[in-house]
There are 2 protein chains.
Amino acid sequence: MTFPSIAILGPGLLGGSLALAVRERVSGAQIRVWARRQDRLEAVRCLGIADEVSTDAAEIAAGASLIIFCMPIGAMEAVGLQIADAVGPGTIVTDVGSVKQPVVRTLGKIFGPRFIGSHPMAGSEQAGIEAARADLFQGAVTILTPEEGTPAESVRALAAFWEALGCRVAMMTPHAHDEAVALISHLPHLAAAALIQAALRENPAALDLHGNGFFDTTRVASGPPDMWAEILVQNRDAVKKAVHAMIENLSEVSKLLDTQETGEIEEYLAEARRTRNRLRQPAQKTIS
Amino acid sequence: MTFPSIAILGPGLLGGSLALAVRERVSGAQIRVWARRQDRLEAVRCLGIADEVSTDAAEIAAGASLIIFCMPIGAMEAVGLQIADAVGPGTIVTDVGSVKQPVVRTLGKIFGPRFIGSHPMAGSEQAGIEAARADLFQGAVTILTPEEGTPAESVRALAAFWEALGCRVAMMTPHAHDEAVALISHLPHLAAAALIQAALRENPAALDLHGNGFFDTTRVASGPPDMWAEILVQNRDAVKKAVHAMIENLSEVSKLLDTQETGEIEEYLAEARRTRNRLRQPAQKTIS
């Protein structure tokens with residue numbers, strides 16, 4: 001099962017990069033792009049990455065064998081309802097949202113077993129099609145969240161699609177996904193923002209002295225605030241749990257500093273270092 | 001006032017990079033290197049970055065016009081006492097330590113107004129002379145912490161030295177330095193370690209799914225645990241204050257998530273983003 005015609009709904013950083021990656025790596029696939037605004041479609045046309053573009057979502061969805069929602073989570077339901085009647089029975093529908101439980105609920109209700117959630121762990125602090133890159137997914141993990149009623153053949157086909165773009169595919173439940181990414185994506189974003197806010201509030205002049213470490217540690221805080229606010233609120237419970245774990249760790253370290261000994265704090269840092277050094281380095285280059 | 005002979009005490013990442021940078025940018029300066037261990041001096045010899053090497057610190061210090069302590073803070077006093085009698089009256093003594101109050105106390109007592117603290121905000125998560133680079137200081141801020149009795153001419157000469165290596169120089173008191181770097185260097189290090197520990201303790205499998213964001217946000221946690229434990233303990237009061245500010249910020253964000261509205265959390269992230277986007281990008285490339 002391959003996808004002769006792929007509809008990308010929303011050509012931002014992820015949607016645009018998807019179009020570029022499909023063009024480069026999936027031979028023969030027709031690329032259809034929907035955007036709400038005509039000027040976004042002009043950008044798509046300029047980049048020459050689509051065979052068909054329209055501001056009519058149903059028109060783009062009709063006849064597509066794979067439909068990928070690449071828009072903010074809050075916008076998905078309305079667009080899903082717009083295209084519901086145009087989507088064929090054999091079509092697979094997926095998305096690239098950073099939170100899976102609300103998306104699976106919403107789009108699962110509209111598309112039934114045709115919908116499978118995807119989350120490519122790829123992106124950058126930049127936004128918009130201008131930042132799109134064909135290699136954005138190269139070496140990234142893409143998490144799929146099939147449910148009990150999802151046909152195995154559809155899961156295999158969708159996994160093969162992401163693999164063709166250079167991803168490693170992992171499978172888990174929407175709930176397990178949301179818990180995991182709260183710790184490795186949503187919390188790091190909040191921590192980066194909180195590091196900047198802490199300096200800004202306590203000692204703004206200190207920011208002028210920063211070195212590489214602060215610059216890299218806070219890079220993700222340059223991401224779009226509206227998108228991130230939505231992600232954090234949509235994944236509220238897991239994010240709050242992750243924030244709590246972070247606060248507990250910081251409190252523990254603060255207590256270790258009181259003991260005057262370096263032994264325990266060194267062991268805490270050493271364990272973090274061993275773990276960090278075991279992390280796979282993403283193949284793609286960082287934009288910063 | 002220039003420095004015809006520069007003694008570097010301790011050829012690790014910073015000392016080795018200093019030797020390389022001086023060789024490249026300060027014409028005619030003799031470079032003298034002390035290391036505690038002979039095998040470290042072999043590495044210095046292999047790199048061809050010193051005119052004179054010895055495991056006898058007094059021998060290296062004798063006749064030097066600028067002496068730079070590039071060793072862990074806890075090792076400075078003993079080495080300072082070893083070389084005290086060999087240091088001439090017109091010599092300037094400085095260091096590259098990440099905390100300034102304890103160093104200024106210790107080395108100030110030994111060298112009097114000949115000592116001026118320096119802290120180049122440059123480094124990487126790597127350690128040792130093998131990671132040394134001539135351009136490590138390029139574009140970095142170096143903070144000097146002269147005291148009331150420090151001769152203005154010495155301060156100007158030391159500032160000119162760092163500027164010759166490509167640094168921007170800032171001046172402040174040791175106390176102001178320690179408060180500022182607690183927020184922009186020591187806290188980010190702890191936050192990176194705590195992010196890793198939070199994931200490790202709550203959901204270690206999540207670490208396998210990480211993307212670029214987590215990788216970059218935690219890069220500094222790969223730094224040497226012994227060195228960082230010492231820095232954190234030496235700057236305990238300011239670090240605890242910074243950790244407290246971070247915890248307050250995270251608690252505030254956690255409360256904002258309860259309100260179900262994205263408006264306030266978006267404004268929090270937007271302010272962090274505006275501030276992050278105003279940060280000067282370090283000229284040097286990140287090793288990661």
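Treat the numbers as computed from the prediction; the structure is a model and nothing was measured.

(A) Expanded view of the overall build of chain A. The number of helices and strands found in chain A is 11 helices and 8 strands. Seen through its C-alpha atoms, chain A measures out along the principal axes to roughly 70 × 40 × 30 Å. Burial status across chain A gives 56% buried among its 288 residues. Contacts in chain A between residues at least 24 apart in sequence constitute 71% of all its contacts with a sequence separation of at least 6.

(B) Focus on the nonpolar core. Ranked by size, the top nonpolar core spans 200 residues in total, and within it Leu-9 of chain A together with Leu-9 of chain B carry the most contacts. Excluding residues that lie within four positions of it along the chain, Leu-9 of chain B makes contacts with Trp-34, Ala-57, Ile-60, Ile-67, Ile-68, Phe-69, Cys-70, Met-71 and Val-79 of chain B.

(C) Layout of the interface of chain B and chain A. In this complex, chain B contributes 83 residues to the contact, which on the side of chain A involves 83 residues. Of all the secondary-structure elements, those providing two or more residues to the side of chain B that touches chain A are strand 7 (141-145), helix 7 (174-202), helix 8 (212-217), helix 9 (225-234), helix 10 (236-258) and helix 11 (263-278) of chain B. Ranked by residues supplied to the side of chain B that touches chain A, first place goes to helix 7 of chain B with 21 residues. The residue inventory of the side of chain B that touches chain A, partitioned by class, reads 49 nonpolar, 21 polar and 13 charged.

(D) Main features of the domain arrangement of chain A. Residue and element names in this part refer to chain A. Split into domains, chain A comes out as domain 1 (5-172) and domain 2 (177-278). Looking at the side of domain 1 that touches domain 2, the elements that each hand over two or more residues are helix 4 (73-83), helix 5 (101-111) and strand 7 (141-145). A breakdown of the residues in the side of domain 1 that touches domain 2 according to their chemical character gives 7 nonpolar, 5 polar and 2 charged.

(E) The arrangement of the pairing of strand 6 (residues 117-120) of chain B in detail. All names here are of chain B. Burial along strand 6 is two-sided: the face carrying Gly-117 and His-119 and the face carrying Ser-118 and Pro-120 are both buried. As judged from the 4 bridges shared by strand 6 and strand 7, these two strands associate in the antiparallel manner. For Gly-117, the partnering residue across the bridge sits in strand 7 and is Thr-145.

(F) Just the environment of Asp-95 of chain A, in detail. All names here are of chain A. Looking at the element boundaries, Asp-95 is found in strand 5 (residues 92-95). Residue Asp-95 is classed as buried on the basis of its 26 C-beta neighbours within 10 Å. When the C-alpha positions of Asp-95 and Ile-68 are compared, they lie 4.9 Å apart, and in sequence the two are 27 residues distant. Aside from chain neighbours lying at most four places away, what touches Asp-95 is Ile-68, Phe-69, Met-76, Val-103, Leu-107, Gly-117 and Ser-118.

(G) Quick look at the relation of the copies chain B and chain A. Superposing chain B onto chain A takes a rotation of 180 degrees combined with a translation of 0.0 Å along the rotation axis, leaving an RMSD of 0.0 Å. Such values leave the two copies arranged in the relation of a two-fold axis. Across chain B, the rotation axis passes nearest the C-alpha of Thr-217 of chain B, at a separation of 2.0 Å.

(H) Focus on the sheet that holds strand 7 of chain A. Residues and elements named next belong to chain A. Here we have 3 strands laid out as an open sheet, ordered 6-7-8, and mixed in their pairing. Edge positions in the sheet fall to strand 6 (117-120) and strand 8 (168-171), since each has one partner strand and no second. Averaged over all pairs of adjacent strands, the angle between strand axes in this sheet comes to 25 degrees, irrespective of strand direction. Of the strand pairs in this sheet, strand 7 and strand 8 are connected by 4 bridges, and their pairing is parallel. Looking at the pairing, Thr-142 lines up with Val-169 of strand 8. Along the sheet, helix 6 (residues 152-164) makes contact with strand 6, strand 7 and strand 8, crossing strand 7 at roughly 165 degrees.

(I) Fine view of the sheet that holds strand 8 (residues 168-171) of chain B. All names here are of chain B. Taken in spatial order, the 3 strands make up an open sheet running 6-7-8, and their pairing is mixed. Taken across any chain shown, the strands that pair with only one partner, and hence form the sheet edges, are strand 6 and strand 8. The mean inter-strand angle of the sheet, taken between neighbouring strand axes irrespective of direction, is 25 degrees. Contacts between helix 6 (residues 152-164) and the sheet are confined to strand 6, strand 7 and strand 8, with strand 7 contributing the most and set at about 165 degrees to the helix.

(J) Representation of the environment of His-119 of chain B. Residues and elements named next belong to chain B. Here His-119 lies in strand 6. C-alpha separation for the pair His-119 and Leu-207, spaced 88 residues apart in sequence, amounts to 34 Å. With residues near it in sequence (within four places) discarded, His-119 still touches Val-96, Gly-97, Ser-98, Lys-100, Thr-142, Ile-143 and His-177.

(K) Spotlight on the packing of helix 11 (residues 263-278) of chain A against helix 9 of chain B. Helix 9 of chain B packs onto helix 11 of chain A with a crossing angle of 135 degrees between their chain directions and a minimal axis gap of 9 Å. Considered as vectors, helix 11 of chain A and helix 9 of chain B are oriented oblique to each other. By crossing handedness, the relation of helix 11 of chain A to helix 9 of chain B is classed as right-handed. Residue-level inspection shows Ile-265, Glu-266, Leu-269, Ala-270 and Arg-273 of chain A of helix 11 of chain A in contact with helix 9 of chain B, the latter providing Pro-225, Asp-226, Trp-228, Ala-229, Leu-232 and Val-233 of chain B. Tallied by class, the residues present in the contact of helix 11 of chain A with helix 9 of chain B amount to 8 nonpolar, no polar and 3 charged.

(L) Molecular detail of the packing of helix 4 of chain A against helix 5 of chain A. Residue and element names in this part refer to chain A. Across the interface, helix 4 lies against helix 5 with an axial gap of 10 Å and an inter-helix angle of 5 degrees. For the element pair helix 4 / helix 5, the angle class is roughly parallel. Where helix 4 approaches helix 5, its residues Ile-73, Met-76, Glu-77, Gly-80 and Leu-81 are matched on the opposing element by Pro-102, Val-103, Thr-106, Leu-107 and Ile-110. Of the residues in the contact of helix 4 with helix 5, the class split is 7 nonpolar, 2 polar and 1 charged.

(M) Expanded view of the confidence of the model for chain A. Chain-level statistics for chain A give a pLDDT mean of 94 and a share of 98% at 70 or above. On the interface metric, ipTM, the complex scores 0.93, and its pTM is 0.93.

(N) Quick peek at helix 6 of chain B. Residues and elements named next belong to chain B. Taking 1.5 Å of rise per residue, 13 residues should cover 18 Å, and helix 6 covers 18 Å from first to last C-alpha, within 8% of that figure. If you check which residues of helix 6 are buried, you get Ser-154, Leu-158, Ala-159, Phe-161 and Trp-162. The buried residues of helix 6 occupy one face: seen down the axis, they fall within an arc of 155 degrees. Seen from the open side of helix 6, the exposed residues pointing more than 90 degrees away from its buried face are Ala-152, Glu-153 and Arg-156.

(O) How the structure looks around the pairing of strand 7 of chain B. For strand 7 of chain B, a buried count of 5 out of 5 residues is recorded, marking the element as mostly surrounded by other parts of the structure. Burial along strand 7 of chain B is two-sided: the face carrying Val-141, Ile-143 and Thr-145 of chain B and the face carrying Thr-142 and Leu-144 of chain B are both buried.

(P) Looking closely at the environment of Arg-168 of chain A. Residues and elements named next belong to chain A. As for its position among the elements, Arg-168 is in strand 8. Judged by the 16 C-beta atoms lying within 10 Å of it, Arg-168 is partly exposed. In this structure the C-alpha to C-alpha distance between Arg-168 and Ala-242, which are 74 residues apart in sequence, comes to 25 Å.

Cut-offs and rules
- Residues numbered from 1 in each chain as written.
- Chains lettered and ligands numbered in written order.
- Predicted model: local features only at pLDDT ≥ 70, side-chain atom pairs only at ≥ 80, totals over all residues.
- Helix = DSSP H or I, 4+ residues; strand = E, 2+ residues; numbered from the N terminus.
- Buried ≥ 20, exposed ≤ 12 C-beta atoms within 10 Å, placed from the backbone.
- Contact = placed C-beta atoms within 7 Å.
- Core = buried A, V, L, I, M, F, W, Y, C linked by C-beta atoms within 7 Å.
- Nonpolar A, V, L, I, M, F, W, Y, C, P; charged D, E, K, R; others polar.
- Domains from an automatic or database assignment.
- Pairing = 2+ DSSP bridges.
- Least-squares fit on C-alpha atoms with pLDDT ≥ 70 in both.
- Axes fitted to C-alpha atoms, helices over the stretch in contact; angles between N-to-C directions.
- Parallel < 35°, antiparallel > 145°, perpendicular 65-115°, else oblique.
- Left-handed = near helix turned anticlockwise from the far one by under 90°.
- pLDDT = per-residue confidence, 0-100.
- Expected span 1.5 Å × (residues − 1).
- Arc of directions from axis to C-beta.

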